[in-house]
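# Remarks on the overall topology
Read off the chains here:
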Amino acid sequence: MPLKGLNVLEFSGLAPLPFVGSVLADFGANVTMVQKKEIFGVSELLNCGKKSICLNLKRPEGIQIVEKLCMDSDILLEPYRPNVMEKLKLGPDVLMAKNPRLIYARLNGYGSYGKYSQKAGHDINYVALSGLLSLYGSKDKKPIPPVNFSEFAGGSLVCIMGILMAVIERFKSGKGQVVDANITEGIAYTGSWLMASQNSFIWGQPKGQNLLDGGMHFYNTYETKDGKWMAVGALEPAFYKEFIEGLGLNIDDMPQISDFESKKEIIAKLFKEKTREEWCKIFDSKDACVTPVLELDEVDQYSHSLGRNSFIRKDNIVLPVPAPKLSVTPGILRKNQPIPTYGQHTSEILESIGYSHAEIIELLKNETVFEEPKSKI
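Summarised in this report is the structure supplied together with it. (Residues numbered from 1 in each chain as written. Predicted model: local features only at pLDDT ≥ 70, side-chain atom pairs only at ≥ 80, totals over all residues. Heavy atoms only, no water.)

Turning next to the sheet that holds strand β9 (residues 290–292). For sheets, the rule is that strands pair by backbone hydrogen bonds, running either parallel or antiparallel. Taken in spatial order, the three strands of this open sheet run β7-β8-β9, and their pairing is antiparallel. For this open sheet the edge positions go to β7 (219–223) and β9, each flanked by a neighbour on one side alone. Strand-to-strand twist across the sheet, computed as the mean angle between neighbouring axes with direction ignored, equals 20°. As judged from the three bridges shared by strand β8 (residues 229–233) and β9, these two strands associate in the antiparallel manner. Across the sheet, the residue bridging to V232 is V290, located in β9. Lying on the sheet, helix α10 (residues 260–271) is in contact with β7 and β8; it crosses β7 at an angle near 40°. Relative to β8, helix α11 (residues 276–283) is tilted by about 30°, and along the sheet it contacts β8 and β9. (Pairing = 2+ DSSP bridges. Helix = DSSP H or I, 4+ residues; strand = E, 2+ residues; numbered from the N terminus. Axes fitted to C-alpha atoms, helices over the stretch in contact; angles between N-to-C directions. Contact = heavy atoms within 4.5 Å.)

Right, dumping it as structure tokens:
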């Protein structure tokens, strides 16, 4: 696996940062989570295949444990607002002085400085400040947030990109560096093409009336007879011709660039005359850029996905396999492994950095560390 041998220390937080650790683990990294004693939450669904040590960072002994863990770590992941780690005396200046090869990755909402840097936020706020939320939604309707894609695309994946670039650079310099990632700038960067193309023919009209945002009859979604949906992306003339013919219409009666709203009505009426399966049978034999809108609970059973083994199921939940697929060192999905309990590996991890059994017992007694009953001690 490509990241085998890399040791990652992950401080627990909301979903974007655990996803960073999850991807690194899928591709071979050893990920150890520093967790607080708290109730199980949805972010823990991203903790499969990781180890957990549960620490009280309000105690100096807890800080010392982190310092020792960092001596053998390649990458540190932290999700907090600016200066939280510095107040704990665990900032990059301190830890990288002890381990110059450490790559210190920070992922937060608004960045390490600026007007909003200390403010709370969620995906909808970050994509709003990026400018991209203004592009989402129907004609004359309010902006609709794209269900947390920003946190993972602009946050997690951009952070991973920074980490891997730092790993490559470390081969040359022998030194680590700080990866300062935030979701607001990350999703804006991911949307670079959308911003750069604003003066092109693609845009130029109000929201919901452009080429790629539902304004065109040939780039839209349509409901079928059975209440399901088909997605149409017939942008190029050759694909558009195939699309119109698949509908049983004459291309001469349906020119592509005119009367968009009236054509939407005609096409919508036609799609409701057949089920989604019937439309799939028609368009599977045509190069028309027409596909079914699959539900999450059926995507793994679709013929294309089955042929590529794109998904697995865990507890009847569909999960994607690691992407991209590498020909020699592919990733292995960790999400089909058990989720560790809080502090499940506390004793094991402490022993690995030199703590004796008696010292571990004392740390447990004075509540510097915690361990779930299932763990060994």
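Past the structure itself, the notes keep going.
Scanning the entire structure with this criterion turns up 13 salt bridges. One salt bridge connects R59 with E61, and the closest N-O pair in it is separated by 3.3 Å. The salt bridge partner of E261 is K264, with a shortest N-O separation of 3.2 Å. One end of the pair is E261 and the other is K264, both in helix α10 and three residues apart, which spans about a single turn. Look at E261 and you get partly exposed, because its relative accessible area is 41%. Among the residues examined, K264 registers a relative accessible area of 15% and is labelled buried. Three or more residues are tied together by salt bridges with common partners; here these are E78, E86 and R106. (Salt bridge = Lys/Arg side-chain N within 4 Å of Asp/Glu carboxyl O. Buried < 20%, exposed > 50% of the residue type's maximum accessible area, 1.4 Å probe, protein only.)

Moving on, we get to the sheet that holds strand β4 (residues 75–78). Strand order in this open sheet of seven strands is β6-β5-β4-β1-β2-β3-β12, and the pairing throughout is mixed. Two strands close off the open sheet at either side, each with one partner strand: β6 (178–182) and β12 (369–370). Relative to β6, strand β5 (residues 103–108) runs parallel, the two being bridged by five bridges. Residue N108 lies in a different strand from β6, and its bridge partner there is N182. Along the sheet, helix α7 (residues 183–190) makes contact with β5 and β6, crossing β6 at roughly 80°.

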